[in-house]
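So the chains spell out like this:
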2 protein chains.
Amino acid sequence: MKIINLDHISSKPLIPEVKKAMIDAINQDYANPSSQHKKGEEAAEALEKARESIAGLIHAENAKEIVFTSGGTESVNQAIKGAAWANAEKGKHIVTTNIEHNAVIRSLRRLKSQGFKITSVSVDSKGRVNPKEVAEAITDETILVSVMHSNNETGTIEPIQEIAEITKPKKIIFHTDAVDSVGIVPMDVQKLGVDLLSFASNTFYGPTGVGGLYVRRGTMIWPLFDGGVQEGNKRAGTENLLGIIGMGVAADHAKKNMDLRLQHLLKLKNKLVSDLPNYIDEYIINTPMEYSLPNVVSLSVKYVEGESVMLMMDDENIAISTRSACATGSLRASHVLMSIGLDHADAQGTLVICYGVDNTEEDIATFLKALKNSVKTLRDISPLYTKTH
Amino acid sequence: MKIINLDHISSKPLIPEVKKAMIDAINQDYANPSSQHKKGEEAAEALEKARESIAGLIHAENAKEIVFTSGGTESVNQAIKGAAWANAEKGKHIVTTNIEHNAVIRSLRRLKSQGFKITSVSVDSKGRVNPKEVAEAITDETILVSVMHSNNETGTIEPIQEIAEITKPKKIIFHTDAVDSVGIVPMDVQKLGVDLLSFASNTFYGPTGVGGLYVRRGTMIWPLFDGGVQEGNKRAGTENLLGIIGMGVAADHAKKNMDLRLQHLLKLKNKLVSDLPNYIDEYIINTPMEYSLPNVVSLSVKYVEGESVMLMMDDENIAISTRSACATGSLRASHVLMSIGLDHADAQGTLVICYGVDNTEEDIATFLKALKNSVKTLRDISPLYTKTH
């Protein structure tokens, strides 16, 4: 059964090179990288090779600034809680935005219950935070600013570099959740000026359940996992070596093919957005074309439920999403869409179309045809639509 | 290059069935288990199948009591910190032993810095904790007891069931770090009576970087990772599905082959211990034969450095360990060995021989011959040995 995967925001397929590397690693019988015998050294070499690949992808000065984690969520929790706990004596105030991923929001809520104060800066109708407002939110007690690099529902890219210029002279730790950006758009932690940056392997076609945190040398954070001395004492526990090897190869390919992939994704994005009026009317595109990821289009279709469209698409073997997979099961409207000013009905009619290197213009055309049919069917049975049209 | 792996305590090879399952999973192109379309449901089914396998291995009443983690260290941190934070209002006292793994020790040290009080009960010369001493250590403020199921350096199995009989009527949460036991010896959380039990996949020939926590229904713990709603809201983050699938298959085989494996491991243990006097003299076996894991022998050889023996063995393509791989790089003597009363010199002369289903009696014989040679060589150049002999 061939499925057209336009739900890359939830899960991207492994590229063949990653599959091959992981299968080779499985057959390699690696030992524990912390073991001091020959087999251990061989494993340690594979681990450090992957670390170099990640450092290359994000332009870290030193591979030792990369800490491997079990994915984006651990990375975000590690960054935020680790920075807050380690620096609580300097102050207990944290600045963030109101469109962050739940991993950020809920980590901060946890810290709030421990006495930290959180200021959440709002975004404009395009989902962009104004660096001036971040500056205004900072107090003498502020120890951490956490602003996402790109939003996982709308694809909006935030002005990270401008915010770093505010935090740096004040010596406030700056974390960016770049889980949906790293490996998709060029990333340079030196230029960005961030202290902590979270990423996840699956974003760039590596395995799920693997990711990492960039920790600029000198940034004080407490580990989330205490125990062994792995990862430069920043993250205890025997590593998921197979996953890390897969992520390393994925990083190499993301770096090497960045330009080609960008071209391909932008071609699909342009086709989707420019062809859309030929198929449906009365919709809103929530993704600001001028500053957004090349691989995401957030689309609110009036007078339909996104979930219903998703299920009808599923019957046509097209996978799409209505929101972050991490929020599956929640009945509440997306906080991201409410924050950019959508009303409740439009938020509920939202589809997140996220495509990848494995998709073609034909996939977009097939999606558009199926979208037209499902929207027509759903509107025909919508009392609100039939009453007003 | 054929390596005889007697360092199973650091890393066990994947059994062929696990390799096959993981390679199949890589080629299956699983989606995100939280996605609501067909591909997502297929992934969710694979995830829940693995959860059932784990529940079967440890006799959990309900598979929902299993939370997947990135390994033993996360599981231990989650259990201890999660239970402490969630129950701090009831009291801030925790009881443990002085031979726990660093993941336990350092998690507790972290909690101490947050105002918790820790009482560490000592063990006898065989490494066993006396349940009476645990009972005496408990106060009205005690909210958590954490005692390991088996020790990772000596293999000593602790009287967990007897301790549970003490904690249960007092409604104190009881956690056991069973990372080195689950899948090696029969495990029944109902009989044991524990509330929280940590395990790791690699112990039973699954991949590294995967594990889990058994959380008895009704046990209050805070998540270590806040974010998405995965794992019944107990552990946010997209799952390491490939690793979890591997762990599930490993669990099925561990359960099915438990008796056969036990017989094989005990045969190797008996051979090692009974043949040893024919090869070397002046040594101590730290593993109590009457209550210990079948796959570990801790051996302190007088007048030698364990590290030197390990390196000489490595030249002969035999992998052994001197201590927990998680403590690699530490120059201090093992706290476990000091706790059972070894002097510093004997602790430094300790080897941990840990074998598995892939080892043979011939491997043990090869090891013993190599041990004889290296011990002779090292003693010949030891001033202390030559002066006293």
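What you see is a predicted model; the values in this text were computed from it and never measured. (Residues numbered from 1 in each chain as written. Chains lettered and ligands numbered in written order. Predicted model: local features only at pLDDT ≥ 70, side-chain atom pairs only at ≥ 80, totals over all residues. Heavy atoms only, no water.)

Residue-level contacts link 66 residues of chain B with 66 residues of chain A. Across the chain B to chain A interface the summed buried area is about 5,400 Å²; carbon plus sulfur atoms make up 55%. Along the contact surface separating chain B from chain A lie six salt bridges. The partner of B:K81 in a salt bridge is A:D226, with the nearest N and O atoms 2.7 Å apart. Here chain B is connected to chain A by 28 residue pairs in polar contact (both at pLDDT 80 or more). Elements that contribute at least two residues to the side of chain B that touches chain A include exactly α1 (16-28), α2 (38-58), α3 (72-87), α4 (102-112), α8 (241-256) and α10 (306-315) of chain B. Residue composition of the side of chain B that touches chain A, grouped by class: 25 nonpolar, 26 polar and 15 charged. (Contact = heavy atoms within 4.5 Å. Buried area = accessible area lost by both parts, 1.4 Å probe. Salt bridge = Lys/Arg side-chain N within 4 Å of Asp/Glu carboxyl O. Polar contact = N/O pair within 3.5 Å; in protein donor to acceptor, adjacent residues only side chain to side chain. Helix = DSSP H or I, 4+ residues; strand = E, 2+ residues; numbered from the N terminus. Nonpolar A, V, L, I, M, F, W, Y, C, P; charged D, E, K, R; others polar.)

Residue and element names in this part refer to chain A. In terms of domains, chain A is made up of domain 1 (4-12 + 258-388) and domain 2 (16-256). Inter-centroid distance (C-alpha atoms) of domain 1 to domain 2 is 28 Å. Domain 1 puts 33 residues into the contact, and the matching count from domain 2 is 35 residues. A combined buried area of about 2,800 Å² lies between domain 1 and domain 2, and 57% of that area is made up of carbon and sulfur atoms. Among the residues domain 1 hides against domain 2, the three largest losses belong to K12, M258 and L293. Together they make up 26% of the total. On the surface where domain 1 and domain 2 come into contact, there are one salt bridge. Note that K126 is salt-bridged to E290, the shortest N-O span being 2.6 Å. At the boundary of domain 1 and domain 2, one finds 11 residue pairs in polar contact (both at pLDDT 80 or more). Among the elements of the structure, α9 (258-275), β10 (296-301) and α11 (335-339) are those that each provide at least two residues to the side of domain 1 that touches domain 2. Ranked by the residues each element gives to the side of domain 1 that touches domain 2, the list is headed by α11, at four residues. Partitioned by chemical class, the residues of the side of domain 1 that touches domain 2 number 15 nonpolar, 13 polar and five charged. (Domains from an automatic or database assignment.)

If you walk through the whole model with that rule in mind, you get six aromatic pairs over all chains. The structure contains a cluster of three or more aromatic residues connected by ring pairs, namely A:W85, A:W222, B:W85 and B:W222. Across the ring face of A:Y291, the terminal group of A:R128 is positioned such that the distance to the ring centre comes to 3.9 Å. (Phe/Tyr/Trp six-rings, centres within 6.5 Å; stacked < 30°, edge-to-face > 60°. Lys NZ or Arg CZ within 6 Å of the ring centre and 35° of its normal.)

The subject of this paragraph is the relation of the copies chain B and chain A. For the match of chain B to chain A, the screw axis carries a shift of 0.0 Å, the RMSD comes to 0.0 Å, and the turn is 180°. Here the transformation between the copies is reduced to the relation of a two-fold axis. Comparing contact sets, 100% of the residues at the interface of chain B also lie at the interface in chain A, consistent with an isologous, same-surface contact. (Least-squares fit on C-alpha atoms with pLDDT ≥ 70 in both.)

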